[in-house]
Amino acid sequence: MTAPGLDLSADVLALTRALVDLPSVSGTEGPLADLVETALRGLGGLEVVRIGNNVLARTDLGRDTRVVLAGHLDTVPVADNVPSRRETVDGEDRLYGCGTSDMKAGDALMLRVAGMFGTPGAAPARDLTFVFYDNEEVEAVKNGLGQVARELRGWLYGDLAILLEPTDGDVEGGCQGTMRVVLTVPGKRAHSARSWLGANAIHGASSILAVLGAYEAREVEIDGLHFHEGLNAVRIEGGVAGNVVPDECRVTVNFRFAPDRDEDDAEAHVREVFADALAAGVTLEVTDMSGGALPGLAEPAAAEFVAAVGRPARAKLGWTDVARFAAFGIPAVNYGPGDPNQAHQRGEHVRVDRLQPAEDALIAYLTSTGSAA
């Protein structure tokens, strides 16, 4: 089926290129959501709804099980890497471009599945729900899947949810939690020619940076998967003018925590790490928080999918919306053709030879007669 600029009968490589060539930085997903909606409605065998720039579609074939496929339409800001280009580098056939790995190759795979099973008379072994959503790459309050959960939660229910996030064709279980805090160091303004009359807040931030530099990140095994935490300064702000001792410095710190910590535990840990600074007058404000998700691979539905893919599972090092599904009690995994190590890079690319095998494995699972319950 064809929509202007989007042909769901094309192969997964062509669909990936079509998606990448239409920029959709967070907050600007509208034109791409329009194309996805039009293409899905044109198939004729799906119920389709849209809220904002979130497009949802599903079959209603009366199958015993339902699989939810979900993927975000947005990307990080373009970095001179649109339109896409195909090159052979180090013997690898690669498609370069913003979002190739994270996660328009996964979106293209979802669209391929919709094109196969979303037409009248199609007969997948399981009912399917497709969720294309916006604003995943920005703060959690804007996340489109959160909007769907608030307004159309029933559309997210299924026996298994598969997030088409980049995993290089492996199944990745669970995800890290993430939190951002702003540590504000107070000081006292003064003329820089008489700096001894003030207290330099930027200099005061050195104790925070020293703590971060000496921090030893925890590593933990959960359900046989290896999670590695991280605590890093990601932004520092301060200064008034070229001749003024600054009276405030703000250090933004990102904590990526293993899913055996809940949000309260994560905040308590960060406060403990910076206890000396807080006692000295530094303030700490949590500005963003999303809990992680335990792997849950022992759940029959997830275990069946891992077996169908036929490759060992590993931990998801990063936050994904599997956490939202896990909060609803729905088994969820990450699985997609993109390479997670390529996410957000200027030279982001996906290996072409990863695309078709990922599609083949997913189609084989969706057409199998095994139980996902």
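Worth saying up front: this structure is predicted, and the values here are computed from it rather than measured.

K.L.:
Explain the overall build of the protein chain to me, and be specific about the residues and the numbers.
P.N.:
Counting its regular elements, the protein chain contains 11 helices and 21 strands. Here the C-alpha radius of gyration of the protein chain, 23 Å, is about what a compact globule of 373 residues would show, namely 21 Å. Put simply, the protein chain has 373 residues, and 51% of those count as buried. Partitioning the contacts of the protein chain with sequence separation of at least 6, the portion at a separation of at least 24 is 78%. Put simply, the protein chain has 32 plus and 54 minus side-chain charges, and the middle of one group is 4 Å from the middle of the other.

K.L.:
I'd like to hear about the pairing of strand β3 (residues 47–51), residue by residue, with values.
P.N.:
Alignment of β3 against strand β4 (residues 54–58), held across five bridges, turns out to be antiparallel. Across the sheet, Val48 pairs through a bridge with Ala57, a residue of β4. Two successive antiparallel strands, β3 and β4, enclose a turn made up of two residues, where Gly52 displays a positive phi of approximately 60 degrees.

K.L.:
Give a description of the domain arrangement of the protein chain that names residues and reports values.
P.N.:
Domain assignment breaks the protein chain into domain 1 (12–175 + 293–367) and domain 2 (177–290). Here the C-alpha centre of domain 2 lies 34 Å away from the C-alpha centre of domain 1. Taken together, the contacts link 16 residues of domain 1 with 14 residues of domain 2. Where domain 1 meets domain 2, there are zero salt bridges. One can count one residue pair in polar contact (both at pLDDT 80 or more) joining domain 1 with domain 2.

K.L.:
Explain the side chain of Asn143 to me, using residue names and the numbers behind them.
P.N.:
Its place among the elements puts Asn143 in the loop between β8 (127–133) and α4 (144–151). Among the residues examined, Asn143 registers a relative accessible area of 3% and is labelled buried. At 2.7 Å, the side chain of Asn143 and the backbone nitrogen of Leu145 are in polar contact.

K.L.:
Could you give me a rundown of the UniProt feature "domain: Peptidase M20 dimerisation" (unreviewed entry) in the protein chain, with the residues and numbers involved?
P.N.:
Under the UniProt annotation, the feature "domain: Peptidase M20 dimerisation" (unreviewed entry) is placed at residues 177–279. Taken end to end, residues 177–279 comprises 28% helix and 40% strand; its first and last C-alpha atoms sit 27 Å apart.

Reading guide: rules and limits
- Residues numbered from 1 in each chain as written.
- Predicted model: local features only at pLDDT ≥ 70, side-chain atom pairs only at ≥ 80, totals over all residues.
- Heavy atoms only, no water.
- Helix = DSSP H or I, 4+ residues; strand = E, 2+ residues; numbered from the N terminus.
- Rg over C-alpha atoms; globule rule 2.2 N^0.38 Å.
- Buried < 20%, exposed > 50% of the residue type's maximum accessible area, 1.4 Å probe, protein only.
- Contact = heavy atoms within 4.5 Å.
- Lys, Arg positive; Asp, Glu negative; His and termini not counted.
- Charge placed at Lys NZ, Arg CZ, Asp CG, Glu CD.
- Pairing = 2+ DSSP bridges.
- Domains from an automatic or database assignment.
- Salt bridge = Lys/Arg side-chain N within 4 Å of Asp/Glu carboxyl O.
- Polar contact = N/O pair within 3.5 Å; in protein donor to acceptor, adjacent residues only side chain to side chain.
- UniProt positions renumbered as here; feature names shortened; annotations may be inferred.

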